[in-house]
Amino acid sequence: MVASKIQHIDQWFDGPTESPLLIAGPCSVESPEQILATAQALKAHAPISLLRGGVWKPRTKPGSFEGVGLESMQWLIDAGRAIGTPTTTEVANTEHVEAALKAGIDVLWIGARTTVNPFYVQEIAEALNGVKIPVLVKNPIHAEIGLWAGAIERFKKVGIERVAAVHRGFFSSAKGVYRNEPHWHHSFGLRALMPDVKIIVDPSHIAGKRLLVPEVCQVAMDLGMDGLMVESHITPDIALSDAAQQMNPDKLGEVIKNLVIHPKKLDQGASEALKSLRDSLDELDDNLVEIMRQRFALAKEIAIIKEQEGTSIFQMERWLKLVKERTEKGDGEGLTPEFMHDLFATIHKYSVEYQTRLTKKES
Ligand code: PEP
Ligand code: MN
């Protein structure tokens, strides 16, 4: 039953996502024994589509374990063959690409620290010109979806047809519960820009702690994401990199077994009650648009008066008062202070921009 939840890589890339892709394996390939034991335990407990393992590890601080290097690529491939599963590793330069292709790695991934730099991405893309290998592109460390989309485009441009995105969260200076903030709206943004690109979520690098990984896996499924890349190690506590976030293969098996996977098609399996509530929401949204139209019409009249009276378009006191008063109108439930603040700050920002455009034109 569990096996039917997870899809084969070829079907997954080429058709609609019937069920998610599951990539699992250790953060780093550490020894032939470690990768083989992990692979065998994964096969026993979780129906994985791809075996992952880092051969070269880009680390923030020098002196941290930077991967065994080239030698460990063969250990990864052998472990994949032993369980009949294709393999994937991270490449960060031409040399890595050539070595991975020569060794017979099935899928390449581009790490978050590489996606940030178009020079690196272009170099890797050129090394793959004319090669038919799937590429997974992790989001850049900082929340810049232009770089993410740009990197995907560079691979498509050299003829790589099978390119997927990996959402691994974003660096944040504000320390929250997660190692990397998910900022899910960036995945929605990428989906809007590139509707055909599938998105895999990496709950391990988002969560940073193994205890939080299962809930992020479920959120990914609830948001309609297309797959998961989870770090799994036979003895996670003594892993040489990312020990805190890796989980045992048997634990991962449990997580996958308990995962609730929703039908992908809009309204497939939706009850009449749900459809009718959605119709009501659509109607309310139409009303909101009409109210905004009226609000902008008023802003236009105000802009004309401001100009006649020589008043500046943006007035700090007015802004502070408006945002404060509207924020206080929240109900503390759905209308949280954050939501009310962001909503009215946004409305006011665009209203001021509109007035500025109007007065510039007329002057
Ligand atoms: C990894 O997958 O082990 C890794 C280094 O990821 P990221 O590039 O997302 O930090
Ligand atoms: Mn890692």
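For the structure itself, consult the block above.
Figured I'd write up the structure that's included with this text. Everything numeric here is computed off the predicted structure, so don't read it as measured data. (Residues numbered from 1 in each chain as written. Chains lettered and ligands numbered in written order. Predicted model: local features only at pLDDT ≥ 70, side-chain atom pairs only at ≥ 80, totals over all residues. Heavy atoms only, no water.)

Some points on the nonpolar core
The nonpolar side chains of a soluble globular protein tend to be buried with one another.
Piece 1. Counting 66 residues, the largest nonpolar core has Leu 128, Val 137, Ile 152, Phe 155 and Leu 228 as the members making the most contacts within it.
Piece 2. Non-local contacts of Ile 152, meaning those with residues more than four positions away in its chain, are made with Val 137, Val 163, Ala 165, Leu 190, Met 194 and Val 197.
Piece 3. By size, the runner-up hydrophobic cluster in this structure holds 13 residues, among which are Val 107, Leu 136, Val 166 and Met 229. (Core = buried A, V, L, I, M, F, W, Y, C linked by side-chain atoms within 4.5 Å. Buried < 20%, exposed > 50% of the residue type's maximum accessible area, 1.4 Å probe, protein only. Contact = heavy atoms within 4.5 Å.)

Overview of the side chain of Thr 87
Piece 1. By the element assignment, Thr 87 lies in strand β3 (residues 87–90).
Piece 2. The class of Thr 87 is buried, set by a relative accessible area of 2%.
Piece 3. Setting aside residues no more than four positions away along its own chain, Thr 87 makes contact with Leu 50, Leu 51, Leu 76, Ile 77, Gly 80, Ile 105, Asp 106 and Val 107. (Helix = DSSP H or I, 4+ residues; strand = E, 2+ residues; numbered from the N terminus.)

Side note on the pairing of β3
Along a regular strand, successive side chains alternate from one face of the sheet to the other.
Piece 1. Of the two faces of β3, the one lined by Thr 87 and Thr 89 and the one lined by Thr 88 and Glu 90 are each fully buried.
Piece 2. When strand β2 (residues 50–52) meets β3, the two strands line up parallel, connected through 2 bridges. Across the sheet, residue Leu 51 finds its bridge partner in β3, namely Thr 87.
Piece 3. Regarding topology, helix α3 (residues 71–83) serves as the crossover connection from β2 to the parallel β3, and that connection is right-handed.
Piece 4. Examined bridge by bridge, β3 and strand β4 (residues 107–110) share 3 bridges and lie parallel to one another. (Pairing = 2+ DSSP bridges. Right-handed = clockwise from strand over helix to strand, strands pointing away.)

A word on the sheet that holds strand β8 (residues 227–231)
Piece 1. Strand order in this closed barrel of 8 strands is β1-β2-β3-β4-β5-β6-β7-β8, and the pairing throughout is parallel. Each adjacent strand pair in this sheet contributes to an overall mean axis angle of 25°, direction not counted.
Piece 2. Relative to β8, helix α10 (residues 213–222) is tilted by about 165°, and along the sheet it contacts β7 (199–201) and β8. (Axes fitted to C-alpha atoms, helices over the stretch in contact; angles between N-to-C directions.)

Brief notes about the coordination of the manganese ion (ligand 2)
Piece 1. Protein-derived coordination of the manganese ion (ligand 2) comes from Cys 27 (SG), His 205 (NE2), Glu 231 (OE) and Asp 242 (OD), at a distance range of 2.1 to 2.4 Å.
Piece 2. Written as a sequence motif, the donor residues of the manganese ion (ligand 2) are C-x177-H-x25-E-x10-D. Of the two residues, Cys 27 sits in the loop between β1 (21–25) and α2 (32–45) while Asp 242 sits in the loop between β8 and α11 (249–258), which places them 215 residues apart along the sequence.
Piece 3. On the basis of relative accessibility, which here comes to 1%, the residue Cys 27 falls in the buried class. (Donors = N, O, S within 2.8 Å, 3.2 Å for Na, K, Ca; no water.)

A closer look at a negative patch on the surface
Piece 1. A cluster of acidic residues, Asp 279, Asp 282, Glu 283, Asp 285 and Asp 286, forms a negative patch on the protein surface.
Piece 2. Within the secondary structure, Asp 279 sits in helix α12 (residues 272–309). (Patch = residues over 30% accessible without salt bridge, like charges linked within 9 Å, V, L, I, M, F, W, Y side chains within 5 Å. Areas by Shrake-Rupley, 256 points an atom, 1.4 Å probe, with all protein chains shown as cover. Salt bridge = Lys/Arg side-chain N within 4 Å of Asp/Glu carboxyl O. Lys, Arg positive; Asp, Glu negative; His and termini not counted. Charge placed at Lys NZ, Arg CZ, Asp CG, Glu CD.)

A short note on helix α7 (residues 145–157)
Helical periodicity: at 3.6 residues per turn, an α-helix aligns residues three or four positions apart in one direction.
Piece 1. Helix length check: α7, at 13 residues, gives a terminal C-alpha distance of 18 Å against a target of 18 Å (1.5 Å per residue), a fit within 8%.
Piece 2. Buried residues of α7: Ile 145, Trp 148, Ala 149, Ala 151, Ile 152 and Phe 155, and no others. Along the long axis of α7, the arc covered by the buried residues comes to 155°, so they all point the same way.
Piece 3. Buried-residue contacts for α7 involve β4, α5 (112–115), α6 (118–127), β5 (135–138), β6 (163–167) and α8 (185–193).
Piece 4. Near the N-terminus of α7, the side chain that reaches the backbone nitrogen of Gly 146, with its oxygen 2.8 Å away, is that of Glu 144.
Piece 5. One or two positions beyond α7, positive phi appears at Gly 159, with a value near 95°. (Expected span 1.5 Å × (residues − 1). Arc of directions from axis to C-beta. Polar contact = N/O pair within 3.5 Å; in protein donor to acceptor, adjacent residues only side chain to side chain.)

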